[in-house]
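Coordinate inspection notes
In case you want the letters, here they are:
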Amino acid sequence: MYSLGIFIYIFLVRLASLFNRKARLLVKGHGETFSRLASASKDSSYIWFHVSSLGEFEQGRVLMEMIKKQNPEQKILLTFFSPSGYTVRKDWNGADIICYMPFDTPRNARRFLDAVNISAAFYVKYDFWPNFIKNLSKRGIRQYCISAIFNPNQLFFKSYGGFYRKMLCRLDHIFVQDQNSKELLAGIGYDKTTIVGDTRCDRVLSIAGQSKELPLIGKFAGDSPLFMAGSSWPADEKVYLPFFETHTDWKLVVAPHELGPSRIKSLLDSLKSRKTVLLSDADEQNIAAADTLVIDCYGILSSIYKYCTVAYIGGGFGVGIHNTLEAAVFGKPVLFGPNNKRFREAQELKSIGAGFQIGSTNELVTIMDKFISDPAYQQKAGQAAAGYVSANAGSSQKILSSVSL
């Protein structure tokens, strides 16, 4: 039944590709997977990392880099499920082969494993595929999951989830983020677990240490307080933009999650009351006169956070919040919308007074007014954020020390 469902899914993706860009990218990318795998060295073994998208890639990146540093000759195969991750990182030089993971059919799993000599497999956070896991297990290939986090609503823990429990139990070890995940797994009879936390803390510390100097951003910020909205969606903007209608002394940076022409135009239309410039059009003259900057490129978001006073992380009024730790590592108070319950770091940032859930414009105004009237309160929140990241670092090294590669 599962494999039949995969075949139906493949059909639906191909049908959707006729009118949906993301589906088209997926179909095109899958068509190239096995030709990319054909370049695999027959004389070398590969450590395989599979990630769903860009966020999971960032969680696994430090571990991949550590493996390469420990043994530069070790080959790494990196696969993505989502086009949004693959298209951004398909040219990353930290892996020897980067491609889409083939759809999870029995035949694709066999072809994949026949094409590449895999010595160990790592799944980052989730995105488990039963046919691949079964075939890896049959071949005696070690399988691990890192930065895993589980909740009672997942199929593994339902009375009818036996098929998925059996799949999960084929993994050699699961490195979980928290005690709750460990206990949930123990409840289904799986005890090969270690609590190591979230490898994203290692990644954001690495990013912070290598952050780019951005002179134009620095000139834009000047001595003014700066509100940075990262991975922003239209629903987020409806909440935070009204604040800036009455607080014209604050500078504003908006980095939209999507950068299509229609999205940028819509965002600029919503900012007509402010002096706005696109980063792609910015120079020393116009950026000095602007009070709002729109980031219309990828790759520098994590470096911009160090220039802000307060960070807002988008997605919390829709798909779920994006990466709060990229801002927290720089010692910034972090604001985000209500869809954050699935994100352990958001819950813990809230609990220590470093993260703040915003459900409406009024709630945002309340916390911003508190920061303005009490700078020590804002500073304390930022210090707590940075302290949280530092205290939770080291997961990647713990994992590497626990596995034999």
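Everything below is about the structure printed above this text.
Below you will find a few notes about this structure. (Residues numbered from 1 in each chain as written. Predicted model: local features only at pLDDT ≥ 70, side-chain atom pairs only at ≥ 80, totals over all residues. Heavy atoms only, no water.)

Further remarks concern the sheet that holds strand β7 (residues 193-195). Strand order in this open sheet of seven strands is β3-β2-β1-β4-β5-β6-β7, and the pairing throughout is parallel. Whereas interior strands pair on both sides, the edge strands pair on one side only; in this sheet they are β3 (97-100) and β7. Within the sheet, the average angular offset between the axes of one strand and its neighbour, ignoring direction, is 20°. As defined by bridge partners, strand β2 (residues 75-80) adjoins β3 across four bridges and the pair is classed as parallel. Within β3, the position partnered with T79 by the bridge is C99. Strands in contact with helix α6 (residues 130-138) are β1 (46-51), β4 (118-124) and β5 (142-148); relative to β4, the strand with the most contacts, it is inclined by about 150°. (Pairing = 2+ DSSP bridges. Helix = DSSP H or I, 4+ residues; strand = E, 2+ residues; numbered from the N terminus. Axes fitted to C-alpha atoms, helices over the stretch in contact; angles between N-to-C directions. Contact = heavy atoms within 4.5 Å.)

The next thing to look at is helix α9 (residues 200-209). Every α-helix carries 3.6 residues per turn, so stepping three or four residues along brings you back to the same face. Burial runs high along α9: seven of the 10 residues are buried. For α9, every residue scored as buried is listed here: R200, C201, D202, R203, V204, S206 and I207. Against α3 (54-70), α15 (301-304), α16 (325-328), α17 (344-351), α19 (375-391) and α20 (395-402) lie the buried residues of α9. (Buried < 20%, exposed > 50% of the residue type's maximum accessible area, 1.4 Å probe, protein only.)

What follows covers the pattern of salt bridges. Applying the stated criterion to the full structure yields 16 salt bridges. The partner of K28 in a salt bridge is E32, with the nearest N and O atoms 2.9 Å apart. Placement of the pair is K28 and E32 together in helix α2 (residues 21-37), with a separation of four residues, close to one helical turn. Given the relative accessible area of 26%, E32 is considered partly exposed. Here E348 makes a salt bridge to R344, at a shortest N to O gap of 3.3 Å. With E348 and R344 both in helix α17 and four residues apart, this pair spans about one turn of that helix. The exposure class assigned to R344 is buried, which follows from its relative accessible area of 11%. In the salt-bridge network here, residues are joined through shared partners; they are E58, R89 and R203. (Salt bridge = Lys/Arg side-chain N within 4 Å of Asp/Glu carboxyl O.)

Further remarks concern the sheet that holds strand β12 (residues 310-313). Each strand in a sheet pairs with another by means of backbone hydrogen bonds, the pair being arranged parallel or else antiparallel. As summarised here, the arrangement of the seven strands in space is β10-β11-β9-β8-β12-β13-β14, forming an open sheet in which the pairing is parallel. Lying at the two open borders of the sheet, with one neighbouring strand each, are β10 (276-278) and β14 (355-357). For this sheet the average axis-to-axis angle between neighbouring strands, irrespective of direction, equals 20°. Bridge analysis of β12 against strand β13 (residues 334-336) gives three bridges, and the strand direction is parallel. The residue bridging Y312 from the neighbouring strand is L335, located in β13.

Time to look at the layout of surface pockets. Where empty space is left can be seen by rolling a probe of water-molecule size over the atoms. If you add up the space inside the second largest pocket, you get close to 270 Å³. Along the wall of the second largest pocket there are 13 residues; nearest its centre are I10, R14, H30, F103 and N108. Going through the elements one at a time, α1 (2-16), α2 and α5 (106-115) are the ones with two or more residues in the lining of the second largest pocket. The residue inventory of the lining of the second largest pocket, partitioned by class, reads seven nonpolar, four polar and two charged. (1 Å grid on protein atoms, 1.4 Å probe; cavity = no way out; pocket = protein on both sides within 12 Å on 5 of 7 lines; lining within 4 Å. Points joined across faces, edges and corners; volume = space filled by probe spheres on them. Nonpolar A, V, L, I, M, F, W, Y, C, P; charged D, E, K, R; others polar.)

With that settled, consider the side chain of H322. Structurally, H322 is set in the loop between β12 and α16. For H322, a relative accessible area of 19% puts it in the buried group. Residues within four places of H322 in sequence aside, it is in contact with S231, W233, H257, I313, G314 and G315.

Everything listed here is a matter of coordinates, which is why it stays silent on function.
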